[in-house]
Amino acid sequence: MPVYSMTGYASAQLSPGQGPASPEVGKGATAGSRLGLEIRSVNSRFLDLSFRLGEELRAHEPALRELITAKLKRGKVEVRAGVEGIAADTVRDPSARTLQRLSAVQDTVRSWMPEAGPLSVAEILRLATAESGADVDWAAALQELARKTLADLMAAREREGARLAKMLLGHLAQLRTLAEQAGPLVPQLVEQQRQRFLERWKEAMALADGVATPEAAQDRALTEATSFAIRIDVAEELTRLASHLDEIERLVKKGGEVGKRLDFLIQELHREANTMGSKSAALELTRISVDMKVLIEQMREQVQNLE
């Protein structure tokens, strides 16, 4: 399965008579009208849908919501749709019947509200245009257009997801290289710590011969031994880090809805790299830990865009 990004954009338009589901010219739809729809999405922890629909399309929001939620699982998604009227340089003549109705309505309103002003030419044209399009059923056309736009959006999200997956796999390879560099340093670190521990132990025993009591020497030796055991336990972090890298690679190659799982694994990666750096007594191991954390932070930003 592909890996999908939550970032994408798609738009499409449909004119009357252009498709099998679009209204025919002369059945309430004019040659100059056009249905337009666009969908844009960005990253979000959950699926967050918002709709900006024209007045003539608001009744179709539930159907659009059902269509989109069947395809998208995460992301902040904004859907815009509307019907564009006739061209700006063309004015459609209102019918005599429409003008009579508007005049009758105006007379009724002014009989009850004498202070109401008369309708302007612009208002008459707007109301007449709205009335002429009121009987247009855009439901089938909107569904057809939404399916096409949604397919384009999914394709865009898939392309972006493939790009992010490639970057993630590249960062995984770099992290494995750093882990391989850190591996040989662990025995050296153990030996350094062992020598330091033996030196502290000899100092403790020398003090015991003169000033310190055997109990005090034993307490100091136990303290050094505990510190020694804690500070050299870096191999465990490297083992867990390698395990997380394997799991991340498996999920990226598997695809699907892996964003949340990857986000958790990235947190675990950062924990291991940070612990390794805090335990390190060697400058080279500290540098490796810092390089790892830089790569992991870059991976976190990329993973947060995956569905």
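Residues numbered from 1 in each chain as written. Predicted model: local features only at pLDDT ≥ 70, side-chain atom pairs only at ≥ 80, totals over all residues. Heavy atoms only, no water.

For the rest of this paragraph, the subject is the side chain of E78. Secondary-structure assignment places E78 in strand β4 (residues 75-84). Here R52 takes part through its side chain, which lies 3.3 Å from a polar atom of the side chain of E78. Those residues in contact with E78, other than ones at most four positions away along the chain, are E38, I39, R40, S50 and R52. (Helix = DSSP H or I, 4+ residues; strand = E, 2+ residues; numbered from the N terminus. Polar contact = N/O pair within 3.5 Å; in protein donor to acceptor, adjacent residues only side chain to side chain. Contact = heavy atoms within 4.5 Å.)

On to the nonpolar core. Burial of nonpolar side chains together is a common tendency in soluble globular proteins. Ranked by size, the top nonpolar core spans 34 residues in total, and within it L175, I248, L262, L269, M292 and M299 carry the most contacts. Looking at this core, the elements that each hand over two or more residues are α4 (139-182), α5 (185-210), α7 (235-254), α8 (259-279) and α9 (283-303). Of the residues forming this core, the biggest block, 8 residues, is contributed by α4. (Core = buried A, V, L, I, M, F, W, Y, C linked by side-chain atoms within 4.5 Å. Buried < 20%, exposed > 50% of the residue type's maximum accessible area, 1.4 Å probe, protein only.)

A contiguous nonpolar surface patch, about 460 Å² in accessible area, is contributed by V105, V109, W112 and M113. Inspection of the secondary structure assignment puts V109 in helix α2 (residues 96-112). Under the relative-accessibility criterion, V109 is labelled partly exposed at 37%. (Patch = residues over 30% accessible without salt bridge, like charges linked within 9 Å, V, L, I, M, F, W, Y side chains within 5 Å. Areas by Shrake-Rupley, 256 points an atom, 1.4 Å probe, with all protein chains shown as cover. Salt bridge = Lys/Arg side-chain N within 4 Å of Asp/Glu carboxyl O.)

Turning to the confidence of the model for the chain, a few remarks are in order. For the chain, the average pLDDT comes to 81, and 77% of its residues sit at 70 or higher. Considering only residues more than four positions removed or in separate chains, one finds that residues 24-29, a stretch of pLDDT under 50, has 13 contacts. Overall, residues 86-90 carries pLDDT values under 50, and its contacts beyond four positions in sequence, including any with other chains, amount to 4 contacts. (pLDDT = per-residue confidence, 0-100.)

Before going further, it helps to spend a moment on the pattern of salt bridges. Going through the model one piece at a time under the given rule, you end up with 21 salt bridges. R240 serves as the salt-bridge partner of E237, at 3.2 Å between the closest nitrogen and oxygen. Taken together, the residues span about one helical turn, with E237 and R240 both in helix α7 at a distance of 3 residues. Residues E249 and K253 are paired through a salt bridge, measuring 2.9 Å at the closest nitrogen-oxygen approach. With a gap of 4 residues between them, E249 and K253 both fall in helix α7, about one helical turn apart. By relative accessible area, which is 55% here, K253 ends up exposed. Shared partners join several salt bridges into a network, and the residues in it are E38, R40, R52, E78 and R80.

Here we come to the sheet that holds β4. With mixed pairing, 4 strands are arranged side by side in an open sheet as β1-β2-β4-β3. Each edge of the sheet is formed by a strand with only one pairing partner; in this case those strands are β1 (8-14) and β3 (47-53). Pairwise comparison of adjacent strand axes, ignoring direction, gives a mean angle of 10° for this sheet. As judged from the 9 bridges shared by strand β2 (residues 34-42) and β4, these two strands associate in the antiparallel manner. Paired with S41 across the two strands is V77, which belongs to β4. Docked against the sheet, helix α1 (residues 61-69) engages β2, β3 and β4, running at close to 145° with respect to β3. Running at roughly 150° to β1, α4 makes contact with β1, β2 and β4 of the sheet. (Pairing = 2+ DSSP bridges. Axes fitted to C-alpha atoms, helices over the stretch in contact; angles between N-to-C directions.)

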